[in-house]
Amino acid sequence: MSEKKVYTDSDIEIKQIYTEQDIPNNTSELPGTFPYKRGIQADMYRGRLWTMRQYAGFSTAEESNKRYHYLLSQGVMGLSVAFDLPTQIGYDSDHELAEGEVGKVGVAIDSLEDMELLFKDIRLEEVSTSMTINATGFILLAFYVALAKKQGADLSKITGTIQNDILKEYAARGTYIYPPKASMRIITDIFEWCSTHLPKWNTISISGYHIREAGSTAVQEIAFTLSNGKAYVKAALDKGLDINVFGKRLSFFFNAHNHLFEEVAKFRAARKMWATMMKELGATDPKAMMLRFHTQTGGATLTAQQPLNNISRVTIQTLAAVLGGTQSLHTNGFDEALSLPSEDAARIALRTQQVVAFESGIPDTVDPLAGSYFVESLTNDVEQKAWELVHKIDALGGSVSAIEEGFMQDEIGKSAYEYQRKIESGEKTIVGVNQFTVDKEIQIPGFKIDDTIQQIQAAKIAALKRKRDPKKVELCLNAITTAASTDQNLMPLVITAVESLCTLGEIANCLRTVFGEYK
């Protein structure tokens, strides 16, 4: 009788037993040294725990501000802002295309005044803020900088991240506005401006999270993400920026799924691969070669059926992220397959991190799974398969060309189809969905957003436009439009515009007239 073969979702065969023969080339690497497979810090969590974040944003700035104060009171170390769809794609809340979407999947931010309300009674110098925003990332960063200046903050002390990763939007998510080359220009403007004015700000969070949510495997997640990272580095180098300066401000954003060991191997392999890439691209400063990353537990793994089971899934994913050496973590609420997370679900998600941090013993030593025959072998396998994909992308001319030719989209689509086929055929068990089901589900009350939010936001915009100086607004918008046709850095002009109370939609539209929209 032949032995049953077992594979990970990345199609890596898992053997029944592993021995030292499975890791013949394993070197005695130390954490905090190149190529950082075992972690970027020599003392890892003994020196400092990962930043515990909770992703939150819904309805109006005022409502989201209440949730931020609640989360801060419960022990979060950093805020993570979700923006609604109109904000993400550059429309003000009163635009006809914003109808039905205002405040739904995140908070509506139309102006500097909204940003002030969002962070009311929160000192930006004292909190690290991550903003999940891409096409309009430069505008939201301008709002944040303008607010920090109003608070009298020292910009050199402001810490946080804008996602700002547009390439994965074309490949996996869809909230792009401008064509790829124009979008890359905006991103390098941000790199350049922040290197001088906002030195502690992470100017991009190169995101594998949404690639994985779209259906990729763990191997595809890191291969495509690191290839996108390489494209951003090359664009910055072409602009004459110093890799040893901007390289320190690049960060990554990965997904944590349920296969504990493949996920740990993925994080370890990604660090090694990125260090190698950056060295090949000319980095000499060790900090410019370190892959620093935020993790979010897998949204696509959450089930609407038996939603309390999601607490167990999120716990496994939390362990994967921490055992894999993350610098920052957001844990999903158990009810997120049904609605935005309730306050109770958000608290349980945060408590999951805190139990791992303070009760599990995992942070007591660095890279605790190092030396496991299985984990070391799997790390090597993940790395090898990921390099194969990276080389294919390089052969196509890099990420931008690979996306334009549909290579990444096709690969993700095939993986998503195969994963779903296995669930529907019963080859893959999803507890509570295709096995171990119940006749009657527990009813979890959903967190609903009031449909009057659009009217509230539209009234705010109307009031803003009545009190601002129209001549000043016109001058600011004309300056942005003119500069977009040159190689002038756009960031100073956008900051001046938001300080003059120009809206997000007005600024985004200036660039639409010059760059066009990507179809």
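Structure's up top.
Residues numbered from 1 in each chain as written. Predicted model: local features only at pLDDT ≥ 70, side-chain atom pairs only at ≥ 80, totals over all residues. Heavy atoms only, no water.

1. Considering the nonpolar core
Reasoning step 1: If you look at the biggest cluster of nonpolar residues, it comprises 141 residues, and the most contacted ones within it are Phe119, Met131, Phe138 and Ile507.
Reasoning step 2: Ranked by residue count, the leading element in this core is helix α4 (residues 137–150), at 11 residues. (Core = buried A, V, L, I, M, F, W, Y, C linked by side-chain atoms within 4.5 Å. Buried < 20%, exposed > 50% of the residue type's maximum accessible area, 1.4 Å probe, protein only. Helix = DSSP H or I, 4+ residues; strand = E, 2+ residues; numbered from the N terminus.)

2. Quick word on helix α20 (residues 504–515)
For an α-helix, 3.6 residues make a turn, and residues three or four places apart therefore share a direction.
Reasoning step 1: For α20, built from 12 residues, the straight-helix expectation of 16 Å at 1.5 Å per residue is met to within 8% by its first-to-last C-alpha distance of 16 Å.
Reasoning step 2: With respect to burial, α20 is a largely interior element, 9 of its 12 residues being buried.
Reasoning step 3: Regarding α20, the residues found buried are Leu504, Gly505, Glu506, Ile507, Ala508, Cys510, Leu511, Arg512 and Phe515.
Reasoning step 4: For α20, the elements touching its buried residues are α2 (85–88), α4, α6 (180–197), α17 (453–467), α18 (470–484) and α19 (491–499).
Reasoning step 5: Where α20 terminates, the next one or two residues include glycine 516, which has phi positive at roughly 80°. (Expected span 1.5 Å × (residues − 1). Contact = heavy atoms within 4.5 Å.)

3. Focus: the environment of asparagine 25
Reasoning step 1: The residue asparagine 25 is located in the loop between β2 (13–14) and β3 (51–56) in this model.
Reasoning step 2: Distance from asparagine 25 to asparagine 380, taken between C-alpha atoms, is 9.5 Å for residues 355 residues apart in sequence.

4. Observations regarding the pairing of strand β8 (residues 204–207)
Reasoning step 1: The alternating pattern of β8 places Ile204 and Ile206 on one face and Ser205 and Ser207 on the opposite face, and all of these are buried.
Reasoning step 2: Where β8 lies against strand β9 (residues 250–256), 4 bridges are found, and the strand directions are parallel. Bridging from a neighbouring strand, serine 207 pairs with phenylalanine 253 of β9. (Pairing = 2+ DSSP bridges.)

5. Here we look at helix α10 (residues 260–280)
Reasoning step 1: Given a rise of 1.5 Å per residue, 21 residues ought to cover 30 Å, and the 31 Å separating the end C-alpha atoms of α10 matches this to within 8%.
Reasoning step 2: The buried fraction of α10 is high, at 16 of 21 residues.
Reasoning step 3: One or two steps after α10, the chain reaches glycine 282, where phi turns positive at roughly 115°.

6. Brief notes about the side chain of aspartate 165
Reasoning step 1: Structurally, aspartate 165 is set in the loop between β6 (160–162) and α5 (167–173).
Reasoning step 2: Separated by 2.5 Å, the side chains of aspartate 165 and tyrosine 232 make a polar contact.
Reasoning step 3: Not counting chain neighbours up to four residues away, the residues in contact with aspartate 165 comprise Asn134, Ile204, Ser205, Ile206, Ser207 and Tyr232. (Polar contact = N/O pair within 3.5 Å; in protein donor to acceptor, adjacent residues only side chain to side chain.)

7. Side note on the side chain of serine 377
Reasoning step 1: Inspection of the secondary structure assignment puts serine 377 in helix α14 (residues 373–395).
Reasoning step 2: Relative accessible area serves as the criterion here: at 8%, serine 377 is assigned to the buried category.
Reasoning step 3: Those residues in contact with serine 377 that sit more than four places away from it in its chain are Tyr18, Asp22 and Ile23.

8. Remarks on the packing of α6 against helix α8 (residues 218–238)
Reasoning step 1: At their nearest, the axes of α6 and α8 sit 10 Å apart, and the two run at 70° to each other. The angle between α6 and α8 falls in the class roughly perpendicular. Listed contacts from α8 to Met184, Ile187, Thr188 and Phe191 of α6 are Ala231, Tyr232, Ala235 and Ala236.
Reasoning step 2: Tallied by class, the residues present in the contact of α6 with α8 amount to 7 nonpolar, 1 polar and no charged. (Axes fitted to C-alpha atoms, helices over the stretch in contact; angles between N-to-C directions. Parallel < 35°, antiparallel > 145°, perpendicular 65-115°, else oblique. Nonpolar A, V, L, I, M, F, W, Y, C, P; charged D, E, K, R; others polar.)

9. So, the pattern of salt bridges
Reasoning step 1: A full pass over the atoms with the stated rule returns 33 salt bridges.
Reasoning step 2: With a closest N to O distance of 3.0 Å, glutamate 499 and lysine 149 form a salt bridge. Taken together, the residues span a long stretch of sequence, with glutamate 499 in helix α19 and lysine 149 in helix α4 at a distance of 350 residues.
Reasoning step 3: For lysine 149, a relative accessible area of 42% gives the class partly exposed.
Reasoning step 4: Notably, a salt bridge pairs glutamate 263 with lysine 266, separated by 2.7 Å at the nearest N-O pair. A residue pair is termed a helical-turn pair when its members lie 3 or 4 positions apart in one helix, as glutamate 263 and lysine 266 do in helix α10 at 3 residues. Like lysine 266, glutamate 263 is buried. (Salt bridge = Lys/Arg side-chain N within 4 Å of Asp/Glu carboxyl O.)

10. Section: the pairing of strand β4 (residues 78–82)
Reasoning step 1: Taken across its 5 residues, β4 has 5 buried, putting it largely inside the fold.
Reasoning step 2: Here β4 shows a buried face lined by Gly78, Ser80 and Ala82 and a second buried face lined by Leu79 and Val81.
Reasoning step 3: Here β3 runs beside β4; their pairing, made up of 4 bridges, is parallel. If you follow alanine 56 over to β4, its bridge partner there is valine 81.
Reasoning step 4: Regarding topology, helix α1 (residues 61–73) serves as the crossover connection from β3 to the parallel β4, and that connection is right-handed.
Reasoning step 5: Note: β4 against strand β5 (residues 128–132), 5 bridges, orientation parallel. (Right-handed = clockwise from strand over helix to strand, strands pointing away.)

11. Considerations on the sheet that holds β5
Reasoning step 1: Spatial strand order, β7-β6-β5-β4-β3-β11-β10-β9-β8: 9 strands in an open sheet with parallel pairing. Of all strands in the sheet, those with a lone pairing partner are β7 (201–202) and β8, marking the two edges.
Reasoning step 2: Where helix α12 (residues 309–323) meets the sheet, it contacts β9, β10 (293–297) and β11 (328–330), and its direction lies at approximately 165° from that of β10.

12. Overview of the packing of aromatic side chains
Reasoning step 1: Under the counting rule described, the total for this entry stands at 19 aromatic pairs.
Reasoning step 2: Ring centres of tyrosine 144 and tryptophan 201 lie 5.2 Å apart, and the angle between their planes is 50°; on these two criteria the pair is classed as tilted. On the criterion of sequence distance, the pair formed by tyrosine 144 in helix α4 and tryptophan 201 in strand β7 is long-range, its members being 57 residues apart.
Reasoning step 3: What makes tryptophan 201 buried here is its relative accessible area of 0%.
Reasoning step 4: With centroids separated by 6.0 Å and ring planes inclined at 10°, the aromatic side chains of phenylalanine 252 and phenylalanine 254 adopt a geometry described as stacked.
Reasoning step 5: Owing to a relative accessible area of 0%, phenylalanine 254 belongs among the buried residues under this scheme.
Reasoning step 6: The structure contains a cluster of three or more aromatic residues connected by ring pairs, namely Phe252, Phe254, Phe267, Trp274 and Phe293. (Phe/Tyr/Trp six-rings, centres within 6.5 Å; stacked < 30°, edge-to-face > 60°.)

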